[in-house]
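# Residue-level structure breakdown
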Amino acid sequence: MLRSLTIKRFKSIYEQTLEFGHVNLFVGPNGSGKSNILEAIGIVAAVFSRGLEPSELDLKGIRLSLPHIFKSAFKGHDLPQTFRLEARFDYGRYECSIRAGKASAYLEFFSEALYEGDVQIYGRSAHGIKLHGAGRYLPPLDRDSIEITRSVWSVISPFLDISHEFRDELMRFSRYAIYAPQTAIMRGLAIDNRVVEPLGLTGSGLATALEQTVDALSAAEFRRMSRIIWEPGWARSIEIGNFNPEIVPSQVKSDGRSLYIKDRYMRGGRNMLSAFDASEGTLYLVFVAALLGHPETPLTFALDNVDGTLNPRLVRKLTDHIVDVVRQSAQDGDDRQVFMTSHHPSALDSIDIFDKSERIFVCNRAEPTAAVSGATFFRPLEPPKGMDRNTWAAKHGGNNLSELLLEGRIKDAL
């Protein structure tokens, strides 16, 4: 799994290195740069798919900005030619510099290097492409033999002499995507034209994905994955069926299957609601249940704005649920890795900061007096060295993390 990422000159991030766990929560105000870290991860994941082609970035959930927008442009600092990403995995590391000029139509690779352990597998620079472990399988490659929007991996990975463990790790990571469900799409009022299986990044195909999840899991497994759906209290059951014009308005766009939710408080015959009429908060919870439960969901994914349309109690319940599922998957031997952003402090209370596999990053923009004014910085929220749970609880009077943050005492807690 992705262990760390160093980011240099990417959007609002001037230079940061972050160490990740299985669960990673980024909390901060609007515009602080939380989504930028998800997109930086997405670009590395795209490398191990097809590369920097716009269609690939789009399928990762990365905003298709003009290329030069991806590059930092801070006042008082030179405009860089490239931005740089350095990723460390369990079995190796990858680094690249990406050119993002104002005259460029696309992001372009300037340099790349892949290592298994400390052994270099390949390198790419202005001088050309140099193969190491793969050299005996392939003819020499000149600088122009691979398009500058395509990663070296995307072209020659079948021939690379690397371990099965490292290859599997990178292939799993390559499926990473950023999910950001939108109510209009889950209701069927809008269409996301990106074809992403099993569940669209913004909620398309929700009914079909949930139906497949039910079919794939045992009854006990599905109950565990779907228990979050019932937290609002009004829904009695969920059904997946064909489009029913007596329940679903004609303006709803359907892919052939529709989601129906039975309201426990309405009278029989009038108690079945379609996704069009159901609570948007419940639709969001259904989306997360399908995302977590479907066997084809990427093992590494991001959920941007985990608080969505939820009230503070449900934000805490939802983040509790996601963390519980990831913890259980770790016990089962699956390397699930989840990245979440949130504006709401209640999400903090789901994370065990004494567990190194669970990480919180408080995200802010630097003050005008800082060396790089306005740059995004991520501060890991973790207990001081040597402090145990009991000492922490005694020091803070039993207050949870969200209370410390709201009271402005997070700095004092560290």
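Our structure is the block above this text.
Because the structure is predicted, anything quoted here is derived from the model rather than measured.

Turning our attention to helix H4 (residues 164-173). For H4, the set of buried residues is Phe 166, Arg 167, Glu 169, Leu 170 and Phe 173. Taken down its axis, H4 places every buried residue within 160° of arc, on the same side.

Spatial strand order, E10-E11-E12: 3 strands in an open sheet with antiparallel pairing. Edge positions in the sheet fall to strand E10 (235-241) and strand E12 (272-274), since each has one partner strand and no second. Recorded for the sheet is a direction-independent mean angle of 30° between the axes of neighbouring strands. Bridging between strand E11 (residues 258-263) and E12 involves 3 bridges; their strand directions are antiparallel. For Ile 261, the partnering residue across the bridge sits in E12 and is Leu 273.

Attention shifts here to the sheet that holds strand E6 (residues 108-116). In spatial order, the strands read E2-E1-E4-E5-E6-E7-E8; together these 7 strands make up an open sheet with antiparallel pairing. On the outer flanks of this sheet lie strand E2 (13-19) and strand E8 (128-131), each paired with one strand and no other. Averaged over all pairs of adjacent strands, the angle between their axes in this sheet comes to 10°, without regard to strand direction. The sheet contact formed by strand E1 (residues 2-10) and strand E4 (residues 82-89) spans 6 bridges and is antiparallel. When the bridges of E4 are listed, Thr 6 appears paired with Glu 86. Against the sheet, helix H1 (residues 34-47) touches E1, E2, E4, strand E5 (92-99) and E6, its axis set at about 110° to E1. Strand contacts of H4: E1, E4, E5 and E6, with the helix running at about 140° to E6, the strand carrying the most contacts.

Glancing now at the pattern of salt bridges. Between side chains of opposite charge, a pair can form as their charged atoms come close. In this structure the tally under the stated criterion is 23 salt bridges. With its nearest N and O atoms 2.4 Å apart, the salt bridge here joins Glu 39 to Lys 11. Of this pair, Glu 39 sits in helix H1 while Lys 11 sits in the loop between E1 and E2, and the two are 28 residues apart along the sequence. Residue classification places Lys 11 among the buried positions, given a relative accessible area of 11%.

Here we take up the environment of Ser 111. Within the secondary structure, Ser 111 sits in strand E6. Taking C-alpha positions, Ser 111 is 7.4 Å from Gly 123, a pair spaced 12 residues apart along the chain.

A word on the nonpolar core. Within the largest apolar cluster, 59 residues are counted, with the highest numbers of intra-cluster contacts made by Phe 287, Leu 303, Leu 318 and Ile 322. A per-element tally of this core places helix H8 (residues 280-293) first, with 10 residues. Here Ile 322 is in contact with Val 288, Leu 292, Leu 303, Val 306, Val 338 and Met 340, once residues within four sequence places are set aside. Judged by nonpolar contacts, the second largest core, of 53 residues, contains Phe 26, Ile 41, Phe 109 and Leu 170.

Cis geometry is found at the peptide bond from Glu 197 to Pro 198, where omega equals 5°. Here Pro 198 lies in the loop between helix H5 (183-187) and helix H6 (206-216). Phi at Lys 11 is positive, roughly 50°, even though this residue is not glycine.

About the criteria used
- Residues numbered from 1 in each chain as written.
- Predicted model: local features only at pLDDT ≥ 70, side-chain atom pairs only at ≥ 80, totals over all residues.
- Heavy atoms only, no water.
- Buried < 20%, exposed > 50% of the residue type's maximum accessible area, 1.4 Å probe, protein only.
- Helix = DSSP H or I, 4+ residues; strand = E, 2+ residues; numbered from the N terminus.
- Arc of directions from axis to C-beta.
- Pairing = 2+ DSSP bridges.
- Axes fitted to C-alpha atoms, helices over the stretch in contact; angles between N-to-C directions.
- Contact = heavy atoms within 4.5 Å.
- Salt bridge = Lys/Arg side-chain N within 4 Å of Asp/Glu carboxyl O.
- Core = buried A, V, L, I, M, F, W, Y, C linked by side-chain atoms within 4.5 Å.

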